[in-house]
Each structure stands twice: as structure tokens, then as C-alpha cells.
Amino acid sequence: MTDYTPPKVWTWNKANGGAFASINRPIAGPTHDKELPVGKHPLQLYSLATPNGVKVTVMLEELLALGHKGAEYDAWLIRINDGDQFGSGFVEVNPNSKIPALMDHSGATPVRIFESGSILVYLAEKFGEFLPTEQPARAEVLSWLFWQMGSAPYLGGGFGHFYAYAPQKFEYAIDRFAMETKRQLDVLDRRLAETEYLGGKDYTIADMAVWPWYGGLALGRMYNDSGDFLSVQEYKHVQRWAKAIDARPAVKRGRMVNRAFGEPALQLHERHDASDFDTKTQDKLAAE
């Protein structure tokens, strides 16, 4: 590894390598014209089953499991490695060009909602579920929700990137972000030693936000062998919480929606009806 001296003025080097070099760029806005599809339901989700995308599909499936028919939705696959998020239609819904993005056509004026935490709050308030209305319970849930927003970049863009995706292994970067990720796991473990869920005794949008990131890490599903590297089994309370949420039927369904990688039986590229889980997964489509 050679020493690097930053230039006086940074310039964009497209050939800087890394798993996402082909889609990362220092400017915003669309790269091409493409309208977004619109299905039959008021809620239109444009996403991919990354941890941030899974938050929203889990929330929608949990709402449907409670009998909220208004939470029926169409989920459209946005392939971020192909640059779908830079299409003009997607940028109109989310000027930040990140999944997930949601359009609500249930009212007289369509509503756009972007950023996963914002979508969770919007849906919680729209349907009156998974977010307490009284204090201090509401503040506790929102605090853990926003803890995830501030913490996960250190796990994903920090540890995950340098451990699994960077073109070279840099000891300083991996050590820096591994230390912070383990500190975050300890924060969660200490909280979950006190309560069943992050907000208290009830399952809420705080759990839905944190679980796809830190639950996935605890269950050994992220960044190759990072679970062993970070000794995730040491965090017993996180393990208990992660396994309990993983067993929820709505969570199992939510993980499948807009999934375009992994086992074909767990991939439901688009979701337009509850029956799609039984008939439209990639293994079923391949067999036709």
C-alpha cells in the first residue's frame, strides 16, 4: 500500500474501482428518461431488497397481516447496479436517487415519500400502527429509529464497504469501522437486555428499521464471513431479538419482495398481490 496525499482540489476518477464504481457519481439528477410503472393499488413502492428496502416491505406486510386492506401495494424492482435509480421517473419520486421510494395515490393529490425512515413514519401514522401516540413511548421508538439512520452508514458504507467491497483491503479502515460496528452491537445488546424490543415491550418501526441491518449481521447474512470476524454470537440479546423477528411470517414475506439475488425460491422480483408469494417467485417462473 502506497501513501496517498490528497490533491489540492479533488477530481472524479471514474476508474477508482470498488463494487459500486460503475454507478457512483458526484452529481445528482437523472441520467436517462424512464417513466415509472404504476399498478392497481394506491401504494406504489419502487425498491430493492437491500436492508433499507426490506424495512418498508416488512412494514407493509405487517400492516396487511393486521388486516389493513389499504396497505395493499405494488412493488416494482429497481436494479441499482443497472442505474434504474437514475431514471427520470425515479428521480421525480426521490431526488436523492436511493431506494426505497413510495408514492401514495390514495388521496386527491399524490404524495411522494423517500428515505426509509420517513416511509416507516408515514405508514405508521397513516394506519395507526407500530408507533406509539403517547409519550414517553413515542419518543423512545423515534429515538431508536433515528439511531439506526445515524448508525447504519458506519456499518454499511464503512465496515461493509471496506471489508467486502473495496478493491483492496485497508487495515486502518477495516479496524476503524469494525470497532464502531462492535460498539453499536454492544449498544443494542445492552438495550435488549432491558427490553424485549427496542422501543420497549412492543414491536415497532424501530425494530423494523434496525433489524434488516443489525439483525441480518447477527444472523450471518451480511458481508461474507463478517459474522465470524465480528464475533456476532457474543451479543446474546441481539441474537434473541434477531431470531424472534426473523421468525415472523410478515418478515419472511417482506424479505422476499424485490429480492433479485440469492435462492430463487426466496426471490419475488415484483409483488402485486398476496398470491404472488405462491406463484411468482423466481423458482416458479423458471419452471414454467
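Look above for the structure.
Residues numbered from 1 in each chain as written. Predicted model: local features only at pLDDT ≥ 70, side-chain atom pairs only at ≥ 80, totals over all residues. Heavy atoms only, no water.

1. Some thoughts on the packing of aromatic side chains
Pairs of aromatic rings are described using the distance from one ring centre to the other and the angle between the two planes.
Part 1 of the argument: On inspection of all chains with the given rule, the structure shows eleven aromatic pairs.
Part 2 of the argument: Pairing Phe 130 with Tyr 203 gives two aromatic rings, centres 5.8 Å apart and planes at 80°, and the pair type is edge-to-face. Of this pair, Phe 130 sits in the loop between α3 (116-127) and α4 (137-165) while Tyr 203 sits in the loop between α5 (171-194) and α6 (205-218), placing them 73 residues apart in sequence.
Part 3 of the argument: According to the relative accessible area criterion, Tyr 203 is buried, its value standing at 9%.
Part 4 of the argument: A centroid spacing of 6.0 Å and a plane angle of 5° characterise the contact between Phe 162 and Phe 177, whose relative ring orientation is stacked. Of this pair, Phe 162 sits in helix α4 while Phe 177 sits in helix α5, and the two are 15 residues apart along the sequence. (Phe/Tyr/Trp six-rings, centres within 6.5 Å; stacked < 30°, edge-to-face > 60°. Helix = DSSP H or I, 4+ residues; strand = E, 2+ residues; numbered from the N terminus. Buried < 20%, exposed > 50% of the residue type's maximum accessible area, 1.4 Å probe, protein only.)

2. Notes on unusual backbone geometry
Part 1 of the argument: Looking along the chain, the bond that leaves Ile 99 and enters Pro 100 is cis, with omega of 0°.
Part 2 of the argument: The residue Pro 100 is located in the loop between α2 (88-93) and β3 (101-104) in this model.
Part 3 of the argument: For the peptide bond that leads from Gln 135 to Pro 136, omega is 5°, which places it in the cis range.
Part 4 of the argument: Checked against the element boundaries, Pro 136 lands in the loop between α3 and α4.
Part 5 of the argument: If you check the backbone angles, Asn 224 has positive phi at about 60° while not being a glycine.
Part 6 of the argument: With phi around 60°, Asn 258 is a residue other than glycine that occupies positive phi space.
Part 7 of the argument: By the secondary structure assignment, Asn 258 is in the loop between α9 (249-256) and α10 (276-279).

3. Remarks on the nonpolar core
Part 1 of the argument: Ranked by size, the top nonpolar core spans 63 residues in total, and within it Met 59, Leu 123, Ile 205, Tyr 214 and Trp 241 carry the most contacts.
Part 2 of the argument: By residue number, the principal contributor to this core is α6, which donates ten residues.
Part 3 of the argument: Once residues lying within four places of it in the same chain are set aside, the contact partners of Trp 241 are Leu 192, Glu 196, Tyr 197, Leu 198, Asp 207, Val 210, Trp 211 and Gly 215. (Core = buried A, V, L, I, M, F, W, Y, C linked by side-chain atoms within 4.5 Å. Contact = heavy atoms within 4.5 Å.)

4. Quick look at the sheet that holds strand β4 (residues 111-114)
Part 1 of the argument: If you trace the four strands from one edge of the open sheet to the other, you get β2-β1-β3-β4, paired in mixed fashion. This sheet does not close on itself; its edge strands, each paired only once, are β2 (73-77) and β4. Between one strand axis and the next, the sheet turns through 20° on average, direction left out of account.
Part 2 of the argument: Here strand β1 (residues 43-47) pairs with β3 via four bridges, running antiparallel. Following the sheet pairing, Gln 44 is matched in β3 by Met 103.
Part 3 of the argument: Along the sheet, helix α1 (residues 51-65) contacts β1 and β2; its crossing angle with β1, the most-contacted strand, is approximately 150°.
Part 4 of the argument: Strands in contact with α3 are β1, β3 and β4; relative to β4, the strand with the most contacts, it is inclined by about 130°. (Pairing = 2+ DSSP bridges. Axes fitted to C-alpha atoms, helices over the stretch in contact; angles between N-to-C directions.)

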